Amino acid sequence: MAAMYDATWLLRVHARRRLRQLAYMDPEQAQRRVLFSLIRRARRTKFGRDHEFATIRSLDGFRSRVPLRDYDAFWNQYWRASFPRLTNCTWPGHIPWFAVSSGTTTGATKYIPVSREMRRSNVRAGVEVMVHHLANRPTSRLLAGRVFMLGGSTGLVRCAPGVHSGDLSGIAAAEMPGWARLRYFPPRTLEGIADWEEKINRFAEHSLNAEIAAVAGTPSWLLIFFERLAEIARMKGYAASGRVADIYPRLEMLSHGGVAWTPYRDRFAALLEGSGTETREVYPASEGFFAVADRGDGEGLRLLLDTGIFYEFVPLDEIDNATPDCRWVGDVEPGVNYALAVTTCAGLWRYLIGDTVTVVERNPPRVLVTGRTSYMLSAFGEHVIGAEVECAVAEAAAAIGATVTDFAAGSLFPERAGARGGHLYIVEFGAEPGSGRGGIDRTQRMRFAERLDATLCHLNDDYAAHRAGGYGMDAAQVRLLPPGGFAAWMKSRGKLGGQNKVPRIINDRALFAALQTFADAYEHPVGGGRCHRGPTQN
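Calculation criteria
- Residues numbered from 1 in each chain as written.
- Predicted model: local features only at pLDDT ≥ 70, side-chain atom pairs only at ≥ 80, totals over all residues.
- Heavy atoms only, no water.
- Helix = DSSP H or I, 4+ residues; strand = E, 2+ residues; numbered from the N terminus.
- Rg over C-alpha atoms; globule rule 2.2 N^0.38 Å.
- Buried < 20%, exposed > 50% of the residue type's maximum accessible area, 1.4 Å probe, protein only.
- Contact = heavy atoms within 4.5 Å.
- Phe/Tyr/Trp six-rings, centres within 6.5 Å; stacked < 30°, edge-to-face > 60°.
- Lys NZ or Arg CZ within 6 Å of the ring centre and 35° of its normal.
- Pairing = 2+ DSSP bridges.
- Axes fitted to C-alpha atoms, helices over the stretch in contact; angles between N-to-C directions.
- Parallel < 35°, antiparallel > 145°, perpendicular 65-115°, else oblique.
- Left-handed = near helix turned anticlockwise from the far one by under 90°.
- Nonpolar A, V, L, I, M, F, W, Y, C, P; charged D, E, K, R; others polar.
- Polar contact = N/O pair within 3.5 Å; in protein donor to acceptor, adjacent residues only side chain to side chain.
- Core = buried A, V, L, I, M, F, W, Y, C linked by side-chain atoms within 4.5 Å.
- Salt bridge = Lys/Arg side-chain N within 4 Å of Asp/Glu carboxyl O.
- Expected span 1.5 Å × (residues − 1).
- Arc of directions from axis to C-beta.
- Disulfide = S-S within 2.5 Å.

K.L.:
I would appreciate a short explanation of the overall build of the chain in the present structure.
P.N.:
Within the chain one finds 18 helices and 21 strands. Here the C-alpha radius of gyration of the chain, 23 Å, is about what a compact globule of 538 residues would show, namely 24 Å. When burial is assessed residue by residue, the chain has 55% of its 538 residues classed as buried. For the chain, restricting intrachain contacts to residue pairs at least 6 apart in sequence, the fraction spanning at least 24 positions comes to 69%.

Following this line, the structure appears as structure tokens:
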């Protein structure tokens, strides 16, 4: 196959200009400009008239007129009556697309408006990822190959004339700029495949003949793809080793988002060994593309301040207050756990997206995603947040030399008088050498459970207090799924692949019970030991 024309020089010209712009950007000024531009544009919409946008002159005035809302409030008050034809409702003009988002914890389907302005915002964000990649790798030849997006189905549902709904990846594919299509994989003949298992096989086989320079997707699904890719490459004689470095020799960037990276970091380091591939985290959502990593792994994601999105930060302990002490980039405090609210060029106004973040730096603003507002284990008052769960699982896996493919956690409630409740972790490990399911024997599972429990005691005072002496809560229990187990469970729910994510913390008792029933066929739980405070290192 003839080598592709290297268009990276064009990207490099843009990157130099954009990096200069970012270096001199004033975060407060940029966000004020975005907010008041959005208010001016929407002042004649139904939402703008209802909230007197024409009279708003300050951030305080905006907040006093527009309350915080979640999806249900927007749906019930503004979208449901005229869905699917939203015209001058919460955004001027006609909404051509809806990103279908199934709630990770409950499965309830949401229809998130996507305007043409939001599509352009998402494209700009995608280019921003490449800009920071070039800044970190000046010798990059990223556009000498193809960018492989492992997303959901690109098939869209026609809801009304000129209105379609589907996965965000489908909307992106439908409106992809011509210059991007030239460097995009998969081709149109493959991207509409709805069956995830067929999609994986066909993508893997056809990508062997493409010059893949970048890969993007959710870590859990990328792992499944790379495992299948290695099998097909060996079978077809492309790379006997099955190493990504030998299959995609041009690969230089892996962009990941959607779930926390920490539990997957070691697994991908092994997969990408020898390739020189840079991993770069991004923060996309159905509501918008919010941030990209411009520095190293774990140093925070830089908020996109001038792409049509205004950010607010609501202290998590005030989320249910009528008038919470909301912050913005001008006064947000580093280290505080906030619920993120956004105002966007798709007609979302002070919209609580359900994510929690902490700010690690204010100028420029960088955030770490800590979980979901519903991603907290607190059935017994222990208040364990998603970031603490992610950290504990990653540290427990490192303690036994294992890698985690996926996991979910939920509460176990006492079933008789005098019994205690606790947490159950259902875990799928990578296939490291060993003697048990997923390469983990019983002794390792006990050590994993004990380290997980001890790490949570170290990270969270409330959890430690409830675990002290084993009087308030039992030790964390661990149940295993074999390799491929979570994919099988997601398939059984009709949620296999693409933008569907395994819920990490499940507070829906019926959903968690269904997962436990699924896991019962494989494993009995193994519990940790007594909780004690102190260092969690080896």
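K.L.:
Which parts of the structure should I look at to understand the packing of aromatic side chains?
P.N.:
What characterises a pair of aromatic rings is the spacing of the ring centres plus the angle enclosed by the ring planes. All chains considered together, the criterion is met by 27 aromatic pairs. Measuring from ring centre to ring centre gives 5.1 Å for Phe 74 and Trp 79, while their planes differ by 25°; the resulting arrangement is stacked. The residues Phe 74 and Trp 79 share a single accessibility class, namely buried. Arg 69 extends its terminal NZ or CZ atom over the ring of Phe 74, reaching a point 5.7 Å from the ring centre. The side chain of Arg 493 reaches across the aromatic face of Trp 489, ending 4.8 Å from its centre.

K.L.:
Honestly, the sheet that holds strand β11 (residues 301–303) in this entry has me stumped. Any pointers?
P.N.:
Backbone hydrogen bonds hold the strands of a sheet together, and the pairing may be parallel or antiparallel. Overall, mixed pairing links the 11 strands, which are arranged β6-β3-β7-β8-β9-β10-β11-β15-β14-β13-β12 in an open sheet. Unpaired on one side and paired on the other, β6 (184–185) and β12 (309–315) mark the two borders of the sheet. One ladder, built from two bridges, connects strand β10 (residues 288–292) with β11; its direction is antiparallel. Among the inter-strand pairings, Ala 291 is bridged to a residue of β11, identified as Leu 303.

K.L.:
Hey, could you run me through the environment of Arg 158 in this one?
P.N.:
Its place among the elements puts Arg 158 in strand β4 (residues 157–160). For the pair Arg 158 and Pro 84, spaced 74 residues apart in sequence, the C-alpha separation works out to 9.8 Å. With near-sequence residues (within four places) excluded, Arg 158 lies in contact with Val 163 and His 164.

K.L.:
Sorry, what's going on with the packing of helix α10 (residues 196–207) against helix α11 (residues 219–235) here?
P.N.:
The relative placement of two packed helices comes down to the angle between their axes together with the axis-to-axis distance. Two elements in contact, α10 and α11, have axes whose closest approach is 9 Å; the angle formed by their N-to-C orientations is 55°. Put simply, α10 runs oblique to α11. Crossing of α10 over α11 shows right-handed handedness. Residue-level contacts link Trp 196, Ile 200, Asn 201, Phe 203, Ala 204, Glu 205 and Ser 207 of α10 to Trp 221, Phe 225, Arg 228, Leu 229 and Ile 232 of α11. Its residues assigned to classes, the contact of α10 with α11 comprises eight nonpolar, two polar and two charged.

K.L.:
Sorry if this is basic, but what is going on with the side chain of Arg 327 here?
P.N.:
Structurally, the position occupied by Arg 327 is in the loop between β12 and β13 (338–344). Judged by its relative accessible area of 16%, Arg 327 falls in the buried class. For Arg 327, the side chain forms a polar contact with the side chain of Asp 325, separated by 3.0 Å.

K.L.:
I tried to follow the nonpolar core on my own but got confused; where do I start?
P.N.:
A general feature of soluble globular proteins is that nonpolar side chains tend to end up buried together. Membership of the largest hydrophobic core comes to 78 residues, with the highest contact counts inside it found for Trp 79, Phe 290, Tyr 311, Phe 313, Trp 349 and Tyr 351. Considering every element that reaches this core, the biggest residue donor is helix α6 (residues 116–136), with seven residues. When neighbours within four sequence positions are excluded, Tyr 311 is seen to be in contact with Gln 31, Phe 289, Phe 290, Leu 303, Leu 304, Leu 305, Arg 327, Trp 328, Leu 340, Ala 341 and Val 342.

K.L.:
Whenever I open this one, the pairing of strand β18 (residues 404–412) confuses me. Can you help?
P.N.:
Consecutive residues of a regular strand have side chains that alternate between opposite faces of the sheet. In terms of residue burial, β18 counts as a mostly covered element, since eight of its nine residues are buried. Bridge count between β18 and strand β19 (residues 422–429): eight bridges; the pairing is antiparallel. Note on β19: the bridge partner recorded for Ser 411 is His 423.

K.L.:
Before we go on, may I ask you to explain the pattern of salt bridges in this structure?
P.N.:
Where charged atoms from two side chains of opposite charge approach closely, those side chains can pair. Considering all chains together, one arrives at 29 salt bridges under this definition. Close ionic contact of Arg 124 with Asp 306 constitutes a salt bridge, the shortest N to O distance being 3.7 Å. With Arg 124 in helix α6 and Asp 306 in the loop between β11 and β12, this residue pair connects regions lying 182 residues apart in the sequence. Taking the relative accessible area as the measure of exposure, Arg 124 reaches 39% and is therefore partly exposed. One salt bridge in this structure joins Arg 228 and Glu 231, with 2.7 Å as the shortest N-O distance. Taken together, the positions of Arg 228 and Glu 231, both in helix α11 and three residues apart, correspond to about one turn of that helix. Judged by relative accessible area, which is 26%, Arg 228 ranks as partly exposed. Using a relative accessible area of 40% as the deciding quantity, one classes Glu 231 as partly exposed.

K.L.:
For this particular structure, what's the right way to read α10?
P.N.:
Helical geometry note: an α-helix holds 3.6 residues per turn, so side chains three or four residues apart project in the same direction. The terminal C-alpha atoms of α10 lie 16 Å apart, and with 12 residues this matches the ideal 16 Å at 1.5 Å per residue to within 8%. If you check which residues of α10 are buried, you get Trp 196, Lys 199, Ile 200, Phe 203, Ala 204 and Ser 207. The buried residues of α10 all sit within an arc of 120° when viewed along its axis, so they share a single face. The elements touched by buried residues of α10 are β3 (146–149), β6, α9 (188–191), β7 (212–217) and α11.

K.L.:
What is the right way to read helix α15 (residues 442–459) from this model?
P.N.:
Given a rise of 1.5 Å per residue, 18 residues ought to cover 26 Å, and the 26 Å separating the end C-alpha atoms of α15 matches this to within 8%. Looking only at α15, the buried set comprises Gln 444, Arg 445, Phe 448, Ala 449, Arg 451, Leu 452, Asp 453, Ala 454, Thr 455, Leu 456 and Cys 457. At the N-terminal boundary of α15, the capping side chain belongs to Asp 441, with an oxygen 3.2 Å from the backbone nitrogen of Thr 443.

K.L.:
For this particular structure, what's the right way to read the state of the cysteines?
P.N.:
Each disulfide consists of one covalent bond between the sulfur atoms belonging to two cysteines. Using the criterion set out here, one finds zero disulfides in the structure. With no disulfide partner, Cys 89 has as its closest neighbouring cysteine sulfur the one in Cys 159, 15 Å distant. Cys 391 carries a free sulfur, and the closest cysteine sulfur to it, the one in Cys 457, is 13 Å from it. Look at Cys 391 and you get partly exposed, because its relative accessible area is 31%.

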